[in-house]
Structure formats: structure tokens, C-alpha cells
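Architecture at a glance
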Amino acid sequence: MGSQGGFGQSKEFLDLVKSIGESRSKSEEDRIVLSEIETLRRRLSDPDVPKRKIKEYIVRLVYVEMLGHDASFGHIYAVKMTHDDNLLSKRTGYLAVTLFLNEDHDLIILIVNTIQKDLRSDNYLVVCVALNAVCRLINEETIPAVLPQVVELLGHPKEAVRKKAIMALHRFYQKSPSTVSHLVSNFRKKLCDNDPGVMGATLCPLFDLVTTDVNSYKDLVISFVSILKQVAEHRLPKTYDYHQMPAPFIQIKLLKILALLGSGDKQASEKMYTVVGDIFRKCDTTSNIGNAVLYECICCVSCIYPNTKLLEAAAESIAKFLKSDSHNLKYMGIDALGRLIKINLDIAEQHQLAVIDCLEDPDDTLKRKTFELLYKMTKSSNVEVIVDRMIDYMISINDNHYKTEIASRCVELAEQFAPSNQWFIQTMNRVFEHAGDLVNIKVVHNLMRLIAEGFGEDDETADSQLRSSAVESYLRIMSDPKLPSVFLQVICWVLGEYGTADGKYSTSYISGKLCDVAEAYSSDETVKEYAITALMKLHAFEMAAGRKIDMLPECQSLIEELSASHSTELQQRAYELQSLVSLDRRAVESVMPSDASCEDIEVDKELSFLDKHIQEAIERGAQPYIPESERSGSLNISNLSIRDQPEVSTQGLRFEAYELPKPVMQPKPSIPQASSTELVPVPESSYSRESTYAVPVPTVSSSASGSTELKLRLDGVQKKWGRPVYVSSSTPDVPSQNSENGVSRNDVSSILTSRPQPSLDYRKPPVEISSEKQRLAASLFGASSKTEQRTTSTHKAVKSTGQAAEKTQVAKPIDPSTPKAAPVQPPPDLLDLGDPITTSSAPEVDPFKQLDGLLDQSEHASVLSHTVDSSAKLPDIMSLYSGMPSGQTSGTVGSISVNGGHLISPSEVGGTLAPVGTSGPVQFSKGPNLKDALSKDARLSQMGVTPMSQNPNLFKDLLG
């Protein structure tokens, strides 16, 4: 070829292709390609490289990327080549760009203007190239930039341009249907185009449109039938023939559309019968494309309203497929037969031997398709043979995905068509034994429910026999060395519920078996949980029957082992069993009733049985329960999420300014300002409820003593540490209708609670049949051809457990005349590291006056009564003397001994605040005489002298 290779390429490029083809390893190929990449990078960066050479370099870049290497450095050169005026260079650039880039690439924006210019070109070849790029590169955002020009090209004089314009609009519809929804009528118009290529291209978007909305295109049935008839009669040019079949791909697409339009519509289907029958007669079955058209005809017949003659023609075509030696044609025949048996089940009986041959075929794909056919044609007379075959095949394969599918089908067929209880239990045992870990957990629960409820009839004897056979089979299977976990769960549950129900097996025997299971599968906590629960049921049933039972040593050792387990679930079950054994008969009957697994459980979500206790506690002065969402000082998460939903959805920035706080300024007193600074909360009424997060604002207010103190507004500020705390306030109660965070409290509470069967007769081919196949065929398809509808037996179906209606009782309303108890301070949160929050707005009391009150008995009584009434914590006197030994005071931190007891802080139990405490004279423990010390401290404080708690020397002098 000299210095110039074939197709106008240089010898250097041909040598590159040759060397890559002759490379003996992947590393050698990578070395050659990397060397080529460096060469192309160097040459493309040369500003004086000719355009002819750039075109070759772009082709070589395409070759490099085809081999899986990165050539992104040359993408910009391909984009530049699309701007070239030379047609060959422009086509090469567009080809490279469509291969290099995707619709979301950053360089797409650089070629949109070029595409718009090329769509207006006078050269239709340039327009076609641009339309090809439109289909590959235009994304949803850039569709409006080129859509008007593409619509104009629907009237282009060249049929190739019109065809590509239809394809571009179809692509736009796939990307963004709303963008071209107003252009759907153009597809209807182009269906009548003079060029068959344009008409064929229009069928693709029309198929998508018909799939979305069938009723809107019922008027096109006559047009589609007319086009299909013309195609079948060879009225199209010979250029559209493929293997002597007239436009087969247009026929296939038309048959798909007709199947959608004729589904369930007798009037529309009658218009299709003639043309579909003609295709059955004229189809050439000697070629693959002819068989493809024939298969699509069968699919169309199975979808439209049934017709006897068409069904007969479809059955004959299926027989040809099944008799073929090609596995592909057999696969098509099995699939087509599965479609037709939905209309007439007797059709499968005419091909029973061919189905059995496919079932025994070594081709795994064909065998799986045959099992799908058998699953569709299963009935009560052949369920045993089909399920046994499916289980045998499930055991022989290693594909876990398909094994799971077969297992679920076997369970479904066994539940629907089980001929006897024993067969059902044996079948389920085989499924769980060989595919237990792959079975859906819902199947396990359905099996337990079926054994517990029975087969849905009122025959208790049949249900007892089912449970007894299950117990016997499970005791026999338990000796196997390895069983799936879900199967062991079923076994433990059945043995615990019905192991001793018939009296055949003793409790000791069943208990020993369960202990063996727990010991053999010690690493499976779920199995041990089921085993210990089964032991609990066995002992409870025996105790309820009045029989004394001695726990086996192995059971005792198992309980002791589980009591020290790291799993809290196992510990709880073990302790429950130990406690159950110590109860009396009546208590055991109430805790563990016999055969109560099917009883409906009534749940009282309102806990109405506690109303009496709550009312009594409120009458004794307890604080009514306040929901956490309505407590001031805590963040209402539900309201916050509801309020913030519009902000999250908009994904926009908010530019409005923050609302300025509105501090309440008290008039300044005339006395000088005190040196002490105290942080106290401002009442909630003076603070805006609209802001969730508040900025603390210091304000000046006057205290009771007349001193002006700097106070920090903390009410409404979110606490960053510790749990939410209810902050009581002296402000009047806010009605329940007040809104909080934009949603009323009532709204928040409501959110929180709230066809004829034609008979066909076919003659069987006269071939010799072995006796084994005859027996298998008789068991699969039955002796008679009488149609048996696939019905679900009522005594085989799983009884669906009706969900019990939740019976909720409305809590008793609180009498408004009942006086409200004073707010109670919850116990201190030791983990709360936030700023201290004063939770009571009671009048401020001088601590030294309180200390002086301790010296006077009458004054002491008044202070104590006021402290108890306001639920505030009594002052801890001994904390002033940090040097005093702790052993000299009695009581605990935060409490004062009262009549030998303690004033206990209220705790929230069961959603009710229940204060507990006693009243009486305060008894202080023995120790140094505090009277003189406290008197001195008070006098020194009034004289402006440093208190003794801040002066260690003075502290020692006073104690001395």
C-alpha cells in the first residue's frame, strides 16, 4: 500500500493497529497505547499541524478510547473540528464528539451554537449529522434551544432529514415528555408520510404514547391495520425486504401496537383478526426473522380479544417451535405456550410430551422457562409432581437468586393446592431444609400462622392432626447436623406451642430436645431466644394443668448460662423463665395462656386503666401531665419540622433581617446600683413566641430590696446540654388554642395521634413414547382434557388474620373546679452542663434572712412552708461551710431530714408528676453551735464586711 494505507489513513496508524493486534499480553498492549497517547498529545499541541493530520489524530484518539484509555486531552480538538467547513472533517468531529462526550459534559455548551447553525444548513448531509448529534448530546436543559428548528425539519424535502427529525423528537419525548407534549399531533401526521422510512420511524414514538395512554389512540386502529396489510402484501419497495420478508421490523412494531390497542376491546380486536390471520399463513418459518414475526403474532393473539381460529393457528405455530431441534425455537415455543394457557389451559395438554422433553433438556435456560410454564399450569391434580420436580431442581442448582425464586413458588403452590396435611408438612420441610436461609421471613411467619390457625375449616380434628404431624416430623429432623436458622425458629416455635398437646411426648423429652438445639447452635442468638421461649411455654402449660414438673439439669444450666449472657434479650427471657416457675397456677394461666397465639391483642394506647390513679394523684396536689411538646423552654421538634418544610423544599436563601428583640425596660430606681450581678429569667409573656432561638438580652430591673441588678433574658433560649427541662413560671396559663412555632397546640396533638374458553382438539403425532414419559405426562396434564380452572381451595388457603380494631378509651376529663397544684421542680440533671436556669418566679428572699429564720422557730416555720408551697429547693446551709466534715450532717445532698424522713423531689412516672413528701419540724444533726456563727455572718454582711464563706481566715476564727 506504500506510504498511504487503506481508507486514506497513514501507514503509521495501520502499524499501530497491527502492533496492538499482535501484542501477547495486556501490559504490552498498555505500553503501546500509552506511547501512542504521548505521541498524540505532543502532535496535537503543535500549532502548525495541518487539518488533514488533525482528522487522523482524532480517529486515533477514538481508537485509544475504544481500548479503555483516557484521551480527554483531545476532546477539545474534536469540538473544534465540528466547526470546520469541510464536510468530511465536520462529520469526523461530530462522530468523535458523540463518542467522547455525554449529555452532561462541560463541553456540550460549546457545540450548541454549532448545532443550531448546522440545522439551518442547505446541505442535507450536514443537517443529518447535526440531528445525529442532537439525539446523543442534547440534554433536558438545552432542548428548547434546538426544538423549533427540529420541528421545522419535519417538512424538509429529503426523507432522511424527516426521519432523523422524528427520531430527535422521540428522543426529546423520552428525556422530557412535557417539552414536546404539544407536538404529539406531528407524529400522527407523519404516520401518513409517503416515505416508508419516515412512517416506520414514527411507529416508535407512537408505541411509547400508546403504552402511556391507550384510549387516546383507539381511532388509529384502522390506520395501523391498513399499514400492516400493505406491508404484508409486499406493497413496499424491495429495499425494505429482509431475507425475503417484507419490512419485518415494521410488522413487529405494528403487531406490538395492535396488541396494546386490542387488549380487552372486542370491537377493536375484530378489526385485526383478518390481517393477523394473513400473517400466520404467509410467514416464512425457514428463517429466523420469519419465526420472529410469527412469535409476535402469537403474542398479539394472546393479548387481544380471543378468537378460535387465531388460537388454532397460534397452537399450530407453537407445535412447530417445540418440534424444532433449535433450543432458541423451543424457548420461544415454551414462552408462547405460557401466554396461551392464560386463555385456554387445554392447549398445553396437546404438547405435554414436548414440555417434558424440555424439562429434561440439559439447557438450563430452557429448563427454567419450562418450570415457569409448569408453575402457570399447576392445579390440584398435578401439584405433587410439579412441586417435587421443582424442589429436585432447586437442590441441584447453585444460583441463590433463582433458588430463592423457586423456593417461594414451591411454598405458594403448596399452600394453594396441598392434597393432604402430611404432604404439606413434608414439602415445607424439604424447602426449608435445602433453602431455609434464602426463604423470605414472611414465608416463615405464614407457615407458623397456618399451623396455628389450621386450614380454615371448623374441623378441629384435622387441625390437631396437622400439628401432631408437624411435631413428629420436626423431632425427626432435629437430629440433622446442620439446619437453617429460620427452619430452627419454626421448629422451636411449634415444639413450644404443640409439643405436648396430644400427650404423646412428655415435657421432659421436648425440653431436652430444645436444650440440645440451643447448645448445638450456641452462636445463633435468635435460635436460642426461640428455644428459651419454647421452654417457658412448656413449663407454663404444665403448671397451668396442675402438674408439677422438675426442671432438667441441662435446662437449669442453660438458664444460668443465659442469665449471664451479654445479650440483654437472652438475659430477659432467662429471668422471665425463672420468675415464671415461682408463680402459682392462676398467675401462670394469666401470663401464659394455652394456645393463645391466634388471639387478637387489644391495645389501649391511651392507658385508660391509669386514669383512676392519675385522678387520685391530682387530688392529692400532683401536677397534671404536660406533653413535652408544650413545655416552655424545650424545643418543639414536630412544630419545627412542620414549619421548616417549605424552607427545605425551596432550597433558597432568606434575605430578611432578624427581628430585633423588644426588651422591657423597668424604671431606674434612685438608689445606687448594687455591685452584684444576677442572671434571672424574664417572664415568658414579655418574650416573642414566634422566634424559636432567642438571643439573650441583658435588661435592668429593680429587685424587691430596691437595688438595681443586671438581668439576662434566658427564657426561650435553647439549651445546648442536657435534656429538655420544664420551666415553671408565674405568668398566667396560656390557653390551649395559642399557636406555637406557627402551629396551634391542638393541631400538633392531632398530628401526633393521628372470558369464554374455546375447546380445541389436536391430533398427537404418531411417535413411540416410553411408559415413564406417559406416566409423567398423565400426572402433569391429567387423563382428561376437561378444563380445570386454577382455583384456590378454601381449605388450603392461609387464613388471613383480621386485624383487631383498636379499642381506645378516652381518658377522663379533669374537673376544672379542681384546684391546680403548684408547679413542681423536677430532679436536677447531673449531666446538664448548661447555664443554670431559675425555674421559679417566687418573690426573692434574702438568704441571710433565711439564715436568721433558722434561729427563730416561728420564722423558720414560715420559711419552710413557703418553700414547700413553691416547690423550690430549701437552702443547703452546710454548703456554706466547705471545711466542715461531711459526716457532721445528716441526710443527702439536696434534701433535708424531716421527722426522720426526707423531702423527696418529685419524679415523672408514667407521664404523671407525683410529688411525695412529708411535713414536720426540721431536725438538724448534732455538731458545732451554729447560732453564734450565723449571727456574726449576718451582721458582717450588713456592715459590708467580706462574708466568712469567702474569707478562709475569718471562717477558721468563727469555727474556733
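Residues numbered from 1 in each chain as written. Predicted model: local features only at pLDDT ≥ 70, side-chain atom pairs only at ≥ 80, totals over all residues. Heavy atoms only, no water.

Focus: helix α11 (residues 196-212)
The end-to-end C-alpha separation of α11 is 25 Å, in line with the 24 Å expected for 17 residues at 1.5 Å each. By the largest-angle criterion, Pro205 marks the main kink of α11, which is about 25 degrees. By the criterion of burial, α11 is predominantly enclosed, with 13 of the 17 residues buried. N-cap assignment for α11: the residue whose side-chain oxygen lies 3.0 Å from the backbone N of Gly197 is Asp195. (Helix = DSSP H or I, 4+ residues; strand = E, 2+ residues; numbered from the N terminus. Expected span 1.5 Å × (residues − 1). Bend = angle between axes of the 7 residues up to and from the residue. Buried < 20%, exposed > 50% of the residue type's maximum accessible area, 1.4 Å probe, protein only. Polar contact = N/O pair within 3.5 Å; in protein donor to acceptor, adjacent residues only side chain to side chain.)

Quick word on the confidence of the model for the protein
The share of residues in the protein with pLDDT of 70 or more is 65%, and the mean pLDDT across the chain is 74. Within the protein, strand β7 (residues 897-898) has the poorest average pLDDT of any element, 36, and helix α13 (residues 248-261) the best, 96. Low pLDDT, under 50, characterises residues 827-845; the stretch is placed with 28 contacts to residues that sit more than four places away or in other chains. Here residues 847-927 is modelled with pLDDT under 50, and outside its nearest four sequence neighbours on either side it reaches 104 contacts, counting other chains as well. (pLDDT = per-residue confidence, 0-100. Contact = heavy atoms within 4.5 Å.)

As for a negative patch on the surface
A surface patch of like charges, here negative, comprises Asp516, Glu519, Glu554 and Glu561. Only α27 (507-520) and α29 (553-563) provide two or more residues apiece to the negative patch. Summarising the element assignment, Glu554 is placed in helix α29. (Patch = residues over 30% accessible without salt bridge, like charges linked within 9 Å, V, L, I, M, F, W, Y side chains within 5 Å. Areas by Shrake-Rupley, 256 points an atom, 1.4 Å probe, with all protein chains shown as cover. Salt bridge = Lys/Arg side-chain N within 4 Å of Asp/Glu carboxyl O. Lys, Arg positive; Asp, Glu negative; His and termini not counted. Charge placed at Lys NZ, Arg CZ, Asp CG, Glu CD.)

Quick look at the environment of Phe321
One can find Phe321 in helix α17 (residues 308-323). Counting along the chain gives 36 residues from Phe321 to Thr285, while the straight-line C-alpha distance between them is 9.5 Å. When near neighbours in sequence (up to four residues on either side) are disregarded, Phe321 contacts Asn291, Leu294, Tyr295, Ile298, Leu329, Lys330, Met332 and Gly333.

Topic: the packing of aromatic side chains
When we look at a pair of aromatic rings, we describe it by the centre distance and by the angle of the planes. With the rule as written, the count across this model stands at 8 aromatic pairs. Between Phe13 and Tyr63, the aromatic rings sit 6.1 Å apart at their centres with planes inclined by 85 degrees, giving edge-to-face as the arrangement. With Phe13 in helix α1 (residues 11-22) and Tyr63 in helix α3 (residues 51-66), the pair connects residues that are 50 residues apart, well separated along the chain. A centroid spacing of 5.8 Å and a plane angle of 80 degrees characterise the contact between Tyr474 and Phe487, whose relative ring orientation is edge-to-face. Of this pair, Tyr474 sits in helix α25 (residues 460-477) while Phe487 is found in helix α26 (residues 485-498), placing the two residues 13 residues apart along the sequence. Like Tyr474, the residue Phe487 is buried in the burial classification. (Phe/Tyr/Trp six-rings, centres within 6.5 Å; stacked < 30°, edge-to-face > 60°.)

Section: the pattern of salt bridges
One pass over the structure, following the stated rule, counts 30 salt bridges. Residue Lys90 is joined to Asp118 by a salt bridge in which the shortest nitrogen-to-oxygen separation is 3.4 Å. Of this pair, Lys90 sits in helix α5 (residues 87-100) while Asp118 sits in helix α6 (residues 112-119), placing them 28 residues apart in sequence. On the basis of relative accessible area, Lys90 is assigned to the buried category, the value being 5%. The class for Asp118 is buried, based on a relative accessible area of 3%. For the salt bridge of Lys369 with Glu372, the shortest nitrogen-to-oxygen distance reads 3.5 Å. Of this pair, Lys369 and Glu372 both sit in helix α20 (residues 364-376), separated by 3 residues, roughly a single helical turn. Here Glu372 falls in the partly exposed class, since its relative accessible area comes to 23%. Residues joined in a network through salt bridges with shared partners are Glu12, Glu36, Arg43, Glu56 and Arg60.

Here's the deal with the nonpolar core
Phe172, Phe224 and Phe280 are the most contacted members of the largest nonpolar core, which has 215 residues in total. Among the elements that line this core, the one with the most residues is α26, at 10 residues. Excluding its chain neighbours within four sequence positions, the residues that come into contact with Phe280 are Leu294, Cys297, Ile298, Val301, Leu310, Ala313, Ala314 and Ser317. (Core = buried A, V, L, I, M, F, W, Y, C linked by side-chain atoms within 4.5 Å.)

Notes on unusual backbone geometry
In this model, Ala247 sits at a positive phi of 40 degrees, which is unusual for a non-glycine residue. Secondary-structure assignment places Ala247 in the loop between β2 (245-246) and α13. According to the relative accessible area criterion, Ala247 is buried, its value standing at 4%. Look at Leu607: it is not a glycine, yet its phi comes out positive at around 55 degrees. Examined against the element boundaries, Leu607 turns out to sit in the loop between α31 (585-591) and α32 (611-619).

Thoughts on empty space enclosed by the protein
Its boundaries defined by the atoms lining it, the second largest cavity holds a volume of some 40 Å³. Ile334, Asp335, Gly338, Lys369, Glu372, Leu373 and Lys376 together form the lining of the second largest cavity. Looking at the lining of the second largest cavity, the elements with two or more residues in it are α18 (327-340) and α20. In terms of residue count, the dominant contributor to the lining of the second largest cavity is α20 (4 residues). The class makeup of the residues in the lining of the second largest cavity is 2 nonpolar, 1 polar and 4 charged. (1 Å grid on protein atoms, 1.4 Å probe; cavity = no way out; pocket = protein on both sides within 12 Å on 5 of 7 lines; lining within 4 Å. Points joined across faces, edges and corners; volume = space filled by probe spheres on them. Nonpolar A, V, L, I, M, F, W, Y, C, P; charged D, E, K, R; others polar.)

A word on α1
Spanning 12 residues, α1 covers 16 Å between terminal C-alpha atoms, matching the ideal 16 Å at 1.5 Å per step. Those residues of α1 lying buried are Phe13, Leu16 and Ile20. The arc that holds every buried residue of α1, seen down its axis, measures 55 degrees, which confines them to one face. Away from its buried face, by an angle of more than 90 degrees, α1 presents the exposed residues Lys18, Gly21 and Glu22. (Arc of directions from axis to C-beta.)

Quick look at the packing of helix α21 (residues 383-396) against helix α22 (residues 400-417)
Contact geometry for α21 and α22: axes closest at 10 Å, N-to-C directions at 160 degrees. Here α21 lies roughly antiparallel to α22, going by the angle between them. Crossing geometry of α21 relative to α22 is assigned as left-handed. Between α21, through Val383, Val387, Met390, Ile391, Tyr393 and Met394, and α22, the contact on the second element is made entirely by Tyr402, Lys403, Ile406, Ala407, Arg409, Cys410, Leu413 and Phe417. Classifying every residue of the contact of α21 with α22 by side-chain character gives 12 nonpolar, no polar and 2 charged. (Axes fitted to C-alpha atoms, helices over the stretch in contact; angles between N-to-C directions. Parallel < 35°, antiparallel > 145°, perpendicular 65-115°, else oblique. Left-handed = near helix turned anticlockwise from the far one by under 90°.)

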